Amino acid sequence: MKQRTPVVVNILIITGLLIVFYYLFVQSYSFLASPYFWGTVVISAILAYIHSAIGDLIENNKFKKLSPEEKAAYLAEKKVPFLRRMYDSAFKKQSATEEKDILIDHGFDGIMELDNQLPKWWVGLFYFGTAFCIVYIAAYSFTDFAHPLSEYEQEYKEQMASIAEYEKNQPPVTIETAKYSADNIADGKELFKTNCASCHKEDGSGGIGPNLTDNYWINQPEKTLFKNVFHMDWNGSPTNPAMRAFGKNGEVSGAEIEKIAAYVYHINQEQPPVTQAQGGAAPQGTEAHWEKE
């Protein structure tokens, strides 16, 4: 008779498999705090003990039918620790007598073949891999589990919700709290295209509105360029109705104006001006002498 795997080892293997399968569908380890998971573990452990008890009954009946020599050999093998048996079954080489018993009666070029059994850990891993593939393919084909588009959409919604929650809890950006940051230039450029390019062109070189890349400004209510742009976007121009109060009217938020002001500051202070020869609008207003940010 073959030695059976201890019930404790079976319970540990079952618990490990349950953790793997729960994680496949929950996609987090939050289930470890769930009573449903531990209830499944307890039920599985009880079933494993019942299975072991039935195995003991069958083993006892078979043991009674063995000869005295077979009983002695079985009892001697049973005294070998489980981990030692596992190691021997995977790595121990058979003796010459044992090889003779499992020698297959055919060969090639003097090389004979043995009818070795595969190690239990290998067979178990093979069946587990097969079952895992079946479950994974079925879940991927008929559910949203592991589907990249579904995962992307879920993560995108979560990120947007977290951004909205963050912005909701942040104080509104005002001209007093607004600061120039190079990180806002890219977003400011897109906002500028949407709200300002119709009058100032996408590169800020001016058209209906004045050229924002040169150093001449019609309105200079603030001492620094960044604050001046914020002031104009928020309050509008007192001399030109076309330059309306985007901020006061609620068309853009203070945070968005902060980004637009960063882009205008960038094209005015960190980029060469677009001259008339290059297609820019003629200078308007008076030359500005901005204080440094």
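Everything numeric here is computed off the predicted structure, so don't read it as measured data.

Along its sequence, the protein chain is carved into domain 1 (1-79), domain 2 (116-143) and domain 3 (182-287). Taking only C-alpha atoms into account, the centre of domain 1 sits 19 Å from that of domain 2. Taken together, the 7 residues of domain 1 in the interface contact 6 residues of domain 2. With both sides pooled, the region where domain 1 packs onto domain 2 buries about 580 Å², and carbon together with sulfur makes up 78% of that total. For the side of domain 1 that touches domain 2, the per-class residue count stands at 5 nonpolar, 1 polar and 1 charged.

Moving on to the packing of aromatic side chains. The full count for this structure, using the stated rule, is 18 aromatic pairs. Ring centres 4.9 Å apart and planes at 75° place the aromatic pair F37 and W38 in the edge-to-face group. F37 gets classed as buried once you look at its relative accessible area, which sits at 0%. For the pair F132 and Y136, a centre-to-centre distance of 5.9 Å together with 25° between the ring planes defines the contact as stacked. Of this pair, F132 and Y136 both sit in helix α6 (residues 120-142), 4 residues apart, roughly one helical turn. Taking relative accessible area as the criterion, F132 reaches 25% and is therefore assigned partly exposed. Overall, the relative accessible area of 32% leaves Y136 in the partly exposed class. Of the aromatic side chains, those joined through ring pairs into one cluster are Y22, Y23, Y29, F31, F37 and W38.

Definitions and cut-offs
Residues numbered from 1 in each chain as written. Predicted model: local features only at pLDDT ≥ 70, side-chain atom pairs only at ≥ 80, totals over all residues. Heavy atoms only, no water. Domains from an automatic or database assignment. Contact = heavy atoms within 4.5 Å. Buried area = accessible area lost by both parts, 1.4 Å probe. Nonpolar A, V, L, I, M, F, W, Y, C, P; charged D, E, K, R; others polar. Phe/Tyr/Trp six-rings, centres within 6.5 Å; stacked < 30°, edge-to-face > 60°. Buried < 20%, exposed > 50% of the residue type's maximum accessible area, 1.4 Å probe, protein only. Helix = DSSP H or I, 4+ residues; strand = E, 2+ residues; numbered from the N terminus.

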